[in-house]
Amino acid sequence: MSTLIYTESSSSPLDHIAAINASPTKPPVPSQPSYGIDSPLGLVFSNALSPLYLYATLKGKHDLWSALLSSLPETAFAHPTLDAGCGRGMVLLQVARRKQALGHSGSDMRSYGIDIFARDQTGNAPEATWQNVAAAGLTDSVVLHTASFTETLPFNEGVFGVVTSSLAVHNTHKEGRRAAVKEMARVCRPGGWLVLVDLAGYVGGYEEVLKALGWTEVASKWGGAGVMFGMWPCMVLKARKPE
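Described below are features of the structure shown in this document. These numbers were taken from a predicted model, which means no experiment stands behind them. (Residues numbered from 1 in each chain as written. Predicted model: local features only at pLDDT ≥ 70, side-chain atom pairs only at ≥ 80, totals over all residues. Heavy atoms only, no water.)

## Observations regarding the pattern of salt bridges
We apply this condition: Salt bridges, as used here, are contacts in which a Lys or Arg side-chain nitrogen is within 4 Å of a carboxyl oxygen on Asp or Glu. Only DSSP runs of H or I covering at least 4 residues are called helices, and only runs of E covering at least 2 are called strands; the numbering of each starts at the N terminus. The classification of residues rests on relative accessible area computed with a 1.4 Å probe and restricted to protein chains. Under 20% of the type maximum is buried, over 50% is exposed, and intermediate values are partly exposed.
Scanning all chains against the criterion turns up five salt bridges. Between Glu207 and Lys211 there is a salt bridge; the shortest N-O distance is 4.0 Å. Highlighted residues: Glu207 and Lys211, both in helix H8 (residues 203-212), separated by four residues, approximately one helical turn. The class for Glu207 is buried, based on a relative accessible area of 16%. Of the charged contacts in the structure, one is a salt bridge between Glu217 and Arg240, with a shortest N-O distance of 3.6 Å. Placement of the pair is Glu217 in strand E6 (residues 217-222) and Arg240 in strand E7 (residues 234-240), with a sequence separation of 23 residues. The exposure class assigned to Glu217 is partly exposed, which follows from its relative accessible area of 43%. A relative accessible area of 22% means that Arg240 is categorised as partly exposed. The structure contains a network of salt bridges with shared partners spanning Glu217, Arg240 and Glu243.

Set out below in structure tokens:
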């Protein structure tokens, strides 16, 4: 299936999970996954609202994503999935667990994650993501690449049944954000789902990109009080690619 996932020009990029699995000196496997703080600077700038920020990053976003993934049709997970800007793997692992619970396992239906592993999130590195994947017992179900969603992704068009991104796209410039949404739309399967959570003020631009591409089932809503990152509320964008 890998020859169908990847473009011919990219061959098969390094899979950090497989590489670390094969290494004789692996990082220690923790007793449970740990995801850190989304942005230490954001927490500092929250001042008096820092308790809201801590709640959002440590619990609120987890609960929101659990509800979002549960709202998608089970058939959407019967294909490979992609988490863009996966960081230490919170959404990536939620997707992998859901696929496992639904019986959608095997090398042709794995959960893929990409990230540039910048230091915006505390402890962000391929080794940290591997530790979380290993702690969850999902190293056979997850693929991890270093890749930027502002550039052409190494995947073929229309391969992923679900494409997700959590609090990542806003970190780049305007044209980069447009490029990211276009790339996520490109690699999503016809009839597949694109689900993004990001700070308010950015999501409207993502909607515009998808509608310009001809997507008709595009909707956004407030993420709720549980994902108030200090003074910054979050929005949810949920869209289905035309068949």
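Now that the structure has been shown, we can carry on.
## Description of the packing of aromatic side chains
Stated formally: A pair of Phe, Tyr and Trp rings is counted when the ring centres sit within 6.5 Å of each other, with Trp represented by its six-membered ring. The angle between the planes then sorts it: under 30 degrees is stacked, over 60 is edge-to-face, the rest tilted.
Counted according to the given criterion, the structure contains six aromatic pairs. Arranged with centres 5.1 Å apart and planes meeting at 85°, the rings of Tyr53 and Phe229 form a pair that is edge-to-face. In this pair, Tyr53 sits in helix H4 (residues 50-70) while Phe229 sits in the loop between E6 and E7, placing the two residues 176 residues apart along the sequence. A relative accessible area of 5% means that Tyr53 is categorised as buried. Centroid distance Tyr112 to Phe155: 6.0 Å. Interplanar angle 80°. Geometry classified as edge-to-face. With Tyr112 in strand E2 (residues 111-115) and Phe155 in the loop between strand E3 (142-146) and strand E4 (160-166), this residue pair connects regions lying 43 residues apart in the sequence.

## A short note on the packing of helix H7 (residues 174-187) against H8
To be explicit about the condition: For every element, the axis is a line fit to its C-alpha atoms; helices are fit only across the contacting stretch, and the angle between N-to-C directions ranges from 0 to 180 degrees. Between 65 and 115 degrees an angle is taken as roughly perpendicular, under 35 as roughly parallel, over 145 as roughly antiparallel, and anywhere else as oblique. The crossing is said to be left-handed when, going from far helix to near helix, the turn is anticlockwise and less than a right angle, and right-handed when the turn is clockwise. Residues are treated as being in contact if the distance between any of their heavy atoms lies within 4.5 Å.
Two elements in contact, H7 and H8, have axes whose closest approach is 9 Å; the angle formed by their N-to-C orientations is 50°. Overall, the two elements H7 and H8 adopt an arrangement that is oblique. Seen along the crossing, H7 lies across H8 with a hand that is right-handed. Every residue of H8 that contacts H7 at Arg177, Arg178, Val181, Lys182 and Ala185 is listed here: Tyr206, Val209 and Leu210.

## Digging into the environment of Trp215
Looking at the secondary structure, you find Trp215 in the loop between H8 and E6. Sequence-wise, Trp215 and Lys241 are 26 residues apart; in three dimensions their C-alpha atoms are separated by 5.9 Å. The residues touching Trp215, leaving out its near neighbours within four places in the chain, are Ala185, Cys188, Leu194, Leu210, Ala239, Arg240, Lys241 and Pro242.

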